[in-house]
Amino acid sequence: MPDNSAPPRRWARRIILIAAGLVMLLMIGVGVYGLITGPPEPTRQAPRPIATQTPSPGAGGQSTPEPATTLEPLPATDDPDEFAQAVTEALFNWDTHSLLDVEDHRMRLIEAADPTGLETPGLISDLDNYLPDEATWTKLQEYQTRQRIDIDTLAVPGEWEDALAAGGPALEEGTIAYTVHATRLRDGVWVGDAVESAHPVEFTMFLACPPRTEQCALLRLSVPGEALQ
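Below, the structure is looked at part by part. Within each chain, residue numbers correspond to sequence positions counted from 1 in written order. Reporting of local features is limited, given that this is a predicted model, to residues whose pLDDT is at least 70; pairs of side-chain atoms are given and counted only at 80 or more, and all residues count toward the totals for whole chains, interfaces and linings. Think of the side-chain values as coming from all heavy atoms in the structure, minus any hydrogens and water.

### A few points about the overall build of the protein
Only DSSP runs of H or I reaching four residues or more are called helices, and only runs of E reaching two or more are called strands; each is numbered from the N terminus. Helix and strand counts for the protein come out as six helices and seven strands. Burial classes follow relative accessibility: with a 1.4 Å probe on protein chains only, a residue under 20% of its type's maximum area counts as buried, one over 50% as exposed, and anything between as partly exposed. Looking at the protein residue by residue over its 229 residues, the buried ones come to 44%. Throughout, a residue-residue contact means that at least one pair of heavy atoms, one from each residue, lies within 4.5 Å. In the protein, the share of contacts with a sequence separation of at least 24, taken over all contacts with a separation of at least 6, comes to 69%. Counting only carbon and sulfur atoms, one obtains 52% of the accessible surface of the protein, whose full area is about 11,600 Å². Areas reported here follow the Shrake-Rupley algorithm with a probe of radius 1.4 Å; residue values treat only the protein chains shown as occluding.

### Comments concerning the pattern of salt bridges
Any two side chains of opposite charge can pair, so long as their charged atoms come close to each other. The salt bridge criterion pairs a side-chain nitrogen of Lys or Arg with a carboxyl oxygen of Asp or Glu, the two atoms within 4 Å. Taken as a whole and judged by the stated rule, the model has seven salt bridges. Note that R220 is salt-bridged to D126, the shortest N-O span being 2.7 Å. Of this pair, R220 sits in strand β7 (residues 217-221) while D126 sits in helix α4 (residues 120-127), and the two are 94 residues apart along the sequence. With respect to burial, R220 and D126 carry one shared label: buried. Salt bridges sharing common partners tie together E103, R106 and D128.

### Considerations on a negative patch on the surface
On the surface, a cluster of negative charge is contributed by D78, D79, D81 and E82. Residue placement: E82 occurs in helix α2 (residues 80-92). Take E82: its relative accessible area is 40%, and that puts it in the partly exposed class. Only residues whose relative accessible area exceeds 30% and that form no salt bridge enter a patch; like-charged residues are grouped when within 9 Å of one another, and nonpolar side chains (Val, Leu, Ile, Met, Phe, Trp, Tyr) when within 5 Å. Counted as positive: Lys and Arg. Counted as negative: Asp and Glu. His and the chain ends are not counted at all. To locate a charge, the coordinates of NZ of Lys, CZ of Arg, CG of Asp or CD of Glu are taken.

### Structural notes on the state of the cysteines
What counts as a disulfide here is a pair of cysteine sulfur atoms lying within 2.5 Å. What the rule picks out here adds up to one disulfide. With its sulfur 2.1 Å from that of its partner, C209 forms a disulfide with C216. Because the sign of the S-S torsion sets the handedness, a value of about 120 degrees for the bond joining C209 and C216 places this disulfide among the right-handed ones. A residue is classified by how much of its surface remains accessible, and C216, at 4% relative accessible area, is buried.

### What about helix α3 (residues 102-110)?
Residues V102, H105, R106, R108, L109 and I110 constitute the buried set of α3. On the buried face of α3, the contacting elements are α2, β3 (94-95), α4, α5 (134-141) and β7. Here a polar contact means two N or O atoms within 3.5 Å. Within protein one must be a hydrogen donor candidate and the other an acceptor candidate, and residues neighboring in sequence count only if both atoms are side-chain atoms. Capping of α3 at its N-terminal end is provided by D101; its side-chain oxygen lies 3.0 Å from the backbone amide nitrogen of E103.

### Describing the sheet that holds strand β4 (residues 146-155)
As summarised here, the arrangement of the five strands in space is β3-β4-β5-β6-β7, forming an open sheet in which the pairing is antiparallel. Each end of this open sheet is capped by a strand with a single partner; those strands are β3 and β7. For two strands to be treated as a pair, DSSP must find no fewer than two bridges joining them.

### A word on the pairing of strand β5 (residues 175-190)
Of all 16 residues in β5, 12 are buried, a share of seventy percent or more. Looking at chain direction, β4 and β5 are connected through nine bridges and run antiparallel. Considered in β5, the bridge of R146 is made with D187. Counting the residues that bridge the hairpin from β5 to strand β6 (residues 193-208) gives two residues, and of these V191 lies at a positive phi of roughly 50 degrees.

Below, the structure is given as structure tokens:
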């Protein structure tokens, strides 16, 4: 694997150059987490839960949900499709109006990082492009902001398959890339009114799966908006 200090676009470029001689970049982009700043077009989609809830006895013996205080870890699986979907949802599904904070979401992803630790420093930096910082999270709480992801396509990009075909042993077996095309959905409260917004999202994630690792792990992320095709 390349030097962890290289940003994701340089890391992706080196892999492609070594494997296929393709001049292909994950270009510079910035993931902006802004406030909900006005009523967009209304939608009827309901938000999805981001964490499991523990039922507790209520009046009449009925169970009532308690606020979630922990997030389920990403699945321990050797299925890259399942893991890639779980990573996508973990990156984008969150609720500031809960007992969880942004660090809970960050740690959930870091715990699924490269088991060797070699890529973890780079991944920690990558996550800054996806998750709000603490100050932004606190501001979003004022608007009871929730976010979820609606995945359109999640697949190994053709450019990565070309690289693997040409690269031979240059890429360790079990290294795989997935490109996601999706819609990021947010809802919250603005001046007392419920509002929603939707924005397209695309990015590429790099995974290590068997036989490279015992179970799939998250290596690196491209900058949002820049992806292998």
